[in-house]
Amino acid sequence: QVQLVESGGGLVQPGGSLRLSCTASRSIAGITRMGWSRQAPGKQRELAAYITTAGTTNSAESVEGRFTISRDIVENTVYLQMNNLKPEDTSVYYCYAWLGSITNIYWGPGTQVTVSS
């Protein structure tokens, strides 16, 4: 099992930046994939970005060039640096850890990001 705790959400103006953190209860070095998904009110949850155990990253087209995912294996933490935020980025952001099978995925409780002037 993996417990995940997110932090770093908040209210930011359009064009601003935030950095989300997700700290795991165990080593993340061997976790197949860790990432961030987001869910806006009335919409389905969608992938924002992920990083694999090999360090390969991928991000959704909607955030490409603005969001960067990274990790600190020593701190067991994954980060999501979000720049040039837009109102449409307003969502609850959830960290997840996928251990390689359909039943082995764990989610954090989520952190709210609101982009508004």
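Model, not experiment: these values are computed from the prediction. (Residues numbered from 1 in each chain as written. Predicted model: local features only at pLDDT ≥ 70, side-chain atom pairs only at ≥ 80, totals over all residues. Heavy atoms only, no water.)

**Let's talk about the overall build of the protein chain**
Scanning the protein chain from terminus to terminus reveals zero helices and eleven strands. A globule of 117 residues ought to have a C-alpha radius of gyration of about 13 Å, and the protein chain, at 13 Å, matches this closely. C-alpha atoms of the protein chain, sized along the principal axes, occupy 40 × 25 × 25 Å. Each of the 117 residues in the protein chain was classed as buried or not, and the buried ones make up 41%. Restricting to contacts in the protein chain with at least 6 residues of sequence separation, those with at least 24 account for 54%. For the protein chain, the exposed surface amounts to about 6100 Å²; the carbon and sulfur share of it is 47%. (Helix = DSSP H or I, 4+ residues; strand = E, 2+ residues; numbered from the N terminus. Rg over C-alpha atoms; globule rule 2.2 N^0.38 Å. Buried < 20%, exposed > 50% of the residue type's maximum accessible area, 1.4 Å probe, protein only. Contact = heavy atoms within 4.5 Å. Areas by Shrake-Rupley, 256 points an atom, 1.4 Å probe, with all protein chains shown as cover.)

**Re the state of the cysteines**
Taken as a whole, this structure holds one disulfide when the rule is applied. Between the sulfur atoms of C22 and its disulfide mate C95 the distance is 2.0 Å. The disulfide joining C22 to C95 has a torsion of about -75° about its S-S bond and is therefore left-handed. Of the two residues, C22 sits in strand β3 (residues 18-24) while C95 sits in strand β9 (residues 91-98), which places them 73 residues apart along the sequence. Considered together, C22 and C95 belong to a single accessibility category, that of buried residues. (Disulfide = S-S within 2.5 Å.)

**Side note on the environment of W98**
By secondary structure assignment, the location of W98 is in strand β9. What makes W98 partly exposed here is its relative accessible area of 25%. With 96 residues separating them in the primary sequence, W98 and V2 have C-alpha atoms 9.5 Å apart. Of the polar contacts made by the side chain of W98, one reaches the backbone oxygen of S101; its length is 3.0 Å. (Polar contact = N/O pair within 3.5 Å; in protein donor to acceptor, adjacent residues only side chain to side chain.)

**Section: the nonpolar core**
Core analysis: the biggest nonpolar cluster contains 28 residues, and L4, M34, W36, L80, M82 and Y93 have the highest contact counts within it. For this core, the elements supplying multiple residues, two or more each, are β3, β4 (33-39), β5 (46-52), β7 (67-72), β8 (77-82), β9 and β11 (111-115). With four residues, β3 is the single largest residue contributor to this core. Setting aside residues no more than four positions away along its own chain, Y93 makes contact with E6, L20, W36, S37, R38, F67, L80, M82, G110, T111 and V113. (Core = buried A, V, L, I, M, F, W, Y, C linked by side-chain atoms within 4.5 Å.)

**Considering the sheet that holds β8**
With respect to topology, four strands assemble into an open sheet ordered β1-β3-β8-β7, the strand pairing being antiparallel. What marks the edges here is a single partner per strand, and that holds for β1 (4-7) and β7. Within this sheet the neighbouring strands show an average axis-to-axis angle of 15°, counted without direction. Bridging between β7 and β8 involves six bridges; their strand directions are antiparallel. Bridge pairing links F67 to M82 in β8. (Pairing = 2+ DSSP bridges. Axes fitted to C-alpha atoms, helices over the stretch in contact; angles between N-to-C directions.)

**Section: the packing of aromatic side chains**
A full pass over the atoms with the stated rule returns one aromatic pair. Centre to centre, the rings of Y96 and W107 are 5.3 Å apart; their planes meet at 45°, and the pair counts as tilted. Note that Y96 is positioned in strand β9 and W107 in strand β10 (residues 105-107), a separation of eleven residues in sequence. For Y96, a relative accessible area of 7% translates into the label buried. In this structure, R33 is placed above the aromatic ring of Y50, and the distance from its NZ or CZ to the ring centre is 4.0 Å. Across the ring face of W107, the terminal group of R45 is positioned such that the distance to the ring centre comes to 4.6 Å. (Phe/Tyr/Trp six-rings, centres within 6.5 Å; stacked < 30°, edge-to-face > 60°. Lys NZ or Arg CZ within 6 Å of the ring centre and 35° of its normal.)

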